Amino acid sequence: ATECPAVTTTYTLTLFTDDGNICTQIGTNSVTLTVAPLPDLTLDADIAICPGESTDLIFNVNSGTGPFDVTVNVDDGTLNFDDDLTGVVDGDLYGVTPSESTTYTITSIIDQGAPTGCTVTPNSITTVTINELLQISNVDTLCVNMADSFQYVFEITGGDPATYIVDIPGVLDD
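Residues numbered from 1 in each chain as written. Predicted model: local features only at pLDDT ≥ 70, side-chain atom pairs only at ≥ 80, totals over all residues. Heavy atoms only, no water.

Caption draft 1: Representation of the pairing of strand S9 (residues 102–111). Across the 10 residues of S9, seven count as buried, placing the element largely inside the fold. In this structure, strand S6 (residues 68–75) lies alongside S9, joined through eight bridges in antiparallel fashion. Bridging from a neighbouring strand, asparagine 73 pairs with threonine 105 of S9. In terms of strand pairing, S9 meets strand S10 (residues 119–120) through two bridges, oriented antiparallel. Pairing of isoleucine 110 across the sheet is with threonine 119, part of S10. (Buried < 20%, exposed > 50% of the residue type's maximum accessible area, 1.4 Å probe, protein only. Helix = DSSP H or I, 4+ residues; strand = E, 2+ residues; numbered from the N terminus. Pairing = 2+ DSSP bridges.)

Caption draft 2: Local environment of the nonpolar core. Counting 19 residues, the largest nonpolar core has Leu41, Phe59, Val70, Val72, Tyr94, Tyr104 and Ile106 as its most contacted members. Contributing elements (two or more residues each) for this core: strand S3 (40–43), strand S5 (55–63), S6, strand S7 (80–88), strand S8 (93–96), S9 and strand S11 (124–130). The dominant element in this core, judged by the number of residues it contributes, is S6, at four residues. (Core = buried A, V, L, I, M, F, W, Y, C linked by side-chain atoms within 4.5 Å.)

Caption draft 3: Representation of the side chain of aspartate 111. As for its position among the elements, aspartate 111 is in strand S9. Among the residues examined, aspartate 111 registers a relative accessible area of 0% and is labelled buried. Of the polar contacts made by the side chain of aspartate 111, one reaches the backbone nitrogen of threonine 65; its length is 2.6 Å. At a separation of 2.7 Å, a polar atom in the side chain of aspartate 111 contacts the main-chain amide nitrogen of glycine 66. (Polar contact = N/O pair within 3.5 Å; in protein donor to acceptor, adjacent residues only side chain to side chain.)

Caption draft 4: Highlighting the pairing of S3. The two faces of S3 differ: Leu41 and Leu43 on one face are buried, but Asp40 and Thr42 on the other face are not. Here S3 runs beside S5; their pairing, made up of four bridges, is antiparallel. Looking at S5, one finds that aspartate 40 is bridged to serine 63.

Caption draft 5: Just a nonpolar patch on the surface, in detail. A cluster of nonpolar side chains, namely Ile136, Val139, Phe150, Tyr152, Phe154, Val166 and Ile168, defines an oily patch on the protein surface of about 700 Å² accessible area. For the nonpolar patch, the secondary structure elements donating two or more residues are strand S12 (135–144) and strand S13 (149–157). The leading source of residues in the nonpolar patch is S13, at three residues. Checked against the element boundaries, valine 166 lands in the segment after S13. (Patch = residues over 30% accessible without salt bridge, like charges linked within 9 Å, V, L, I, M, F, W, Y side chains within 5 Å. Areas by Shrake-Rupley, 256 points an atom, 1.4 Å probe, with all protein chains shown as cover. Salt bridge = Lys/Arg side-chain N within 4 Å of Asp/Glu carboxyl O.)

Caption draft 6: Broad picture of the side chain of threonine 126. Here threonine 126 shows up in strand S11. A polar side-chain atom of threonine 126 sits 2.7 Å from the main-chain carbonyl oxygen of aspartate 44. Those residues in contact with threonine 126 that lie beyond four places of it in its chain are Leu43, Asp44, Ala45, Asp46, Leu57, Thr102, Thr103 and Tyr104. (Contact = heavy atoms within 4.5 Å.)

Structural data, given as structure tokens:
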């Protein structure tokens, strides 16, 4: 019989002999089938960086024994390859320096610590987005109220407008 238990299970095998009309028990043996948890790893949440910057993605072990053999697919829209890593444990860093916004997908996990090297095919995706460099244009100074005050006017493009901080240094004297 084929059995695929979802939890650790003990099986008992009892052997009998048939010597004519009588069945006689000649032995009993038990075996425990240990079911290891399926390995589950993820990388950090999505992150945004500036062009030329590096960042470390962190492996998070959610289940399994480890260490793990992990395949990470790297895809920036032009370049697409698999990065095979061995001996990954919880908290390991995965350093990246993408030149384009790039997705990192865990496509295979093998648990070296499990009795039979449990393998799963997850789909954990992390995206590292490259923010555009800020561009400042159309800078102008406008006189207001007959030259008693002035106003700077400019346009900012690129980056994330929610993160813009405009700081005007100095204070004008009368």
